[in-house]
Amino acid sequence: MSTNDAQTQLSTYGLACGSTELGKTRNMFLSVSAGCVYAIISFFRFIIYLFQGRENYCMEYSEFYMTFFLDTIIAFLKVYVIGLLPIIALRKVLIQESVRRNTPACLLDELHTLMYKKRTYITPLIYTISSIIIGWTYFDLIGVSYRRTRTMFLYPGTEDFWCPSHRKDNCKGLLPMINEHYLIALFHTAILGIWYGCDFLLRKRYMLTFNMAKPRYPFSLLKELLIIWNHQFNIFVWSTLTTALYFSMILWFIKLFIWNTIYEWLPNLIFLHNTSVYYWMRASWFDVQLFNRTVVSAIFTVMCWSVIDFLIEHFFTRIHFTISVYMDPHAILVDGLHSYQQPYYQQLAFLELWHIAKFDQHRRSAIYADFNRKRAFNCVKHNNPTSAWTEISRSCMDLILGLASSAQNEIKKQQARKLLLKKKYEKFRNMEKNALKEKERKIVGYKDLEVKMTAETMTKDHDYWGMKLLEWFHPVTGNRPYFMRKIYYYSAVPLLKRSIERRTKNVFKDLYITIYAIQALTALTVKSLNEDKHGIVQCDIANVFESILDCLMSLDQYSKEPPLDEWDVGDPFTFTYSSVLSDPLIVINVLKDALFDLTKAFYPHMDYVKLSSIHYDRLNKLLNEGL
């Protein structure tokens, strides 16, 4: 099969899903997100009205209502259309990378990879523009009560340019000045966008978390939103407040010490008087009103961003079905299970398969009955099978065995790397000794070519400097002073260390897809006892047991003896136990539950299930542990 055909085949499930429920979900998300953003703006506008009540007493009720409504509509158009739709478009572009967690071994490798990607520069730019738009929309909502933050330049003779009585004769002849209040607020909003955009990339906040226990929502949209409100309201408010306050307090703390230098230097770039001339117009060292307004502006901005993130997390991790469009739903489903180049659609396909295996008896019966097809499934890897169960089960077992193989390969790779580094270290030590001996015998006036070649051979090897740094700065065995080793360990090692946490995340990069595959394969196998009228599943029961047991034994070894890095000192799980072993333990528990369910269902028929002695021993050990 050619590459173009493969790409076309891979996109079939995406086209089917996008033309049915995924398209409806997208429209629903846009309408709900617009409603939530409008509600947030209305809430802030109402709070502002309460604090500015004296200014509104002179208005009639109808006039105030129209002003309130128009201000809210204009603010909504600015915030949602200009400020948030580019972020939604960015999330759509990154949707295929929101499932598979490709994590380099060290942070420096990840930063090096990001340097050559367009998203590294586009994402902070989009968030910066969004932050400025949303922040200044908030200042527009405040109105005339704080007009100082609404213009960039203050001109002599205007109402905003205040001049002391003893200087009024000379004020009109002065040049305009930079509005310091405006500049501080602009810096605050711009830096908030840059910081949030960089944090969004480095922490991979675009990754989606799929729910592994909840079936499809059987409620109306209103009830569904109420459920989200009850479950997520506290988390939403707390995360928004802590993020905005944390950023604002740090930025204002830095501003108190360096702002005067920046503000005095800035006018040199443009044809304005030095700001020291307008000493009476300078902002105070700590302007409480400006601080409060910038903090509330940050809360308003982060709240708008957070509501988009929460709604994307909810709507685009739902279960979607493609059966209502195509006459051959199994072929479409199989295409989705093989969408390796489009991980999001592969995730949706396995999520749909999980729902079928758990809750949809009619689809399960149709899968069991779909064999001896006239048109085989387009899968060269599995010899184009003609049975839906065969192709679906093979796809699930490929993922399960692939995880087991990845864990074992990581252990072997780290062991081989340590052995290679040990050999290289001995080689480098011998080369250094020989170089010193040659240097002592060096004849004045002649070039020691051998010493030069030896030095180039060593220094061009990347591992040489890794071993030298390990020899110098290792926290326990290093030969440098203690304080230098500590400084290096806390400053440089986080960038260079091939962290066990990061390598474990990369091994379990398809965590959710693998869990869905385990649970779906188990449920289909168990329920085939009563629903498989043709006996198609019976031939594969032993394969199902063995694939799950192989994965369990591999992950047991990984969790007991993880491949540590040279910089790991003592017990690396003392403080990072959950971050290192959380993913392996999750999959191990899922595998154990699957084996318990399979054994419970097929216990009367275990004599007909032919397993190897190794698999029987591990299964008996598991059953004894569960008793």
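The chain carries the name Nucleoporin protein Ndc1-Nup in an unreviewed UniProt entry, which gives Rhizophagus irregularis as its organism.

## Quick look at the packing of aromatic side chains
Counting across every chain of the model gives 24 aromatic pairs. Here Trp252 and Phe291 contribute two aromatic rings whose centre-to-centre distance is 5.4 Å and whose plane-to-plane angle is 85°, an arrangement assigned as edge-to-face. One end of the pair, Trp252, is in helix H10 (residues 221–265); the other, Phe291, is in helix H11 (residues 288–315), and 39 residues separate them in sequence. Accessibility expressed as a relative area gives 3% for Trp252, which makes it buried. Ring centres of Tyr344 and Tyr345 lie 5.9 Å apart, and the angle between their planes is 55°; this geometry places the pair in the tilted category. Taken together, Tyr127, Trp195, Tyr196, Phe200, Tyr206, Phe247 and Trp305 form an aromatic cluster joined through their ring pairs.

## Regarding unusual backbone geometry
Not every positive phi belongs to a glycine, and Lys204 is a case in point at roughly 50°. Mapped onto the fold, Lys204 is located in the loop between helix H9 (180–202) and H10. Exposure remark for Lys204: the relative accessible area of 19% places this residue in the buried category.

## Some thoughts on the packing of helix H12 (residues 329–337) against helix H13 (residues 343–359)
For the pair H12 and H13, interaxial distance at closest approach is 7 Å and the crossing angle is 130°. When the axes of H12 and H13 are compared, the pair comes out oblique. Seen from above, H12 lies across H13 with left-handed handedness. Two secondary-structure elements touch here, H12 through Leu333, Gly336 and Leu337 and H13 through Tyr345, Gln346, Ala349, Phe350, Glu352, Leu353 and Ile356. Here the contact of H12 with H13 is composed, by residue class, of seven nonpolar, two polar and one charged.

## Comments concerning a nonpolar patch on the surface
Among the surface-exposed residues, Tyr246, Ile250, Phe253, Ile254, Phe257 and Ile258 lie close enough to one another that they form a single nonpolar patch of about 640 Å² accessible area. Its place among the elements puts Ile258 in helix H10.

## Re the packing of helix H3 (residues 21–51) against helix H7 (residues 119–142)
Packed helices, taken two at a time, are described by the angle between their axes plus the distance between the axes. Viewed as axis vectors pointing N to C, H3 and H7 meet at an angle of 35°, and their least axial separation amounts to 10 Å. The handedness of the crossing between H3 and H7 comes out as right-handed. Together, Ile41, Phe44, Arg45 and Ile48 of H3 and Tyr138, Leu141 and Ile142 of H7 make up the contact between the two elements. Of the residues that constitute the contact of H3 with H7, the class distribution is six nonpolar, no polar and one charged.

## Some words on H12
Among the nine residues of H12, nine are classified as buried, and the element is accordingly described as predominantly covered. Looking at H12, one finds that the buried residues are Pro329, His330, Ala331, Ile332, Leu333, Val334, Asp335, Gly336 and Leu337.

Cut-offs and rules
- In this convention, every chain numbers its residues from 1, walking through the sequence in written order.
- Totals for whole chains, interfaces and linings use all residues, but because this is a predicted model, local features are given only for residues with pLDDT of at least 70 and pairs of side-chain atoms are given and counted only at 80 or more.
- Side-chain descriptors were evaluated using all non-hydrogen atoms of the structure, hydrogens and water having been removed beforehand.
- Planes of paired rings set the category: under 30 degrees apart is stacked, over 60 is edge-to-face and the rest tilted, where pairs are Phe, Tyr or Trp rings (Trp by its six-membered ring) whose centres lie within 6.5 Å.
- Helix and strand assignments come from DSSP, with helices taken as H or I runs of at least 4 residues and strands as E runs of at least 2, each series counted from the N terminus.
- Remark: exposure states derive from per-residue accessible area (1.4 Å probe, protein chains only) relative to the maximum for the residue type, with buried under 20%, exposed over 50%, and partly exposed in between.
- Working convention: axes come from line fits to C-alpha atoms, limited for helices to the stretch in contact. Angles between N-to-C directions cover 0 to 180 degrees.
- Roughly parallel means an angle under 35 degrees; roughly antiparallel means over 145; roughly perpendicular covers 65 to 115; every other angle is labelled oblique.
- In this scheme the crossing of two helices becomes right-handed for a clockwise turn of the near helix relative to the far one and left-handed for an anticlockwise turn of less than a right angle.
- Any two residues having at least one pair of non-hydrogen atoms within 4.5 Å are treated as being in contact.
- As a working rule, the residues Ala, Val, Leu, Ile, Met, Phe, Trp, Tyr, Cys and Pro are called nonpolar, Asp, Glu, Lys and Arg charged, and the rest polar, with Gly in that last group.
- Patch membership needs two things, relative accessible area over 30% and no salt bridge, and members are linked within 9 Å if like-charged or within 5 Å if nonpolar (Val, Leu, Ile, Met, Phe, Trp, Tyr).
- The method behind every accessible area is Shrake-Rupley, applied with a 1.4 Å probe, and residues are considered shielded solely by the protein chains displayed.
- The rule for a salt bridge is simple: a side-chain nitrogen of Lys or Arg has to be within 4 Å of a carboxyl oxygen of Asp or Glu.

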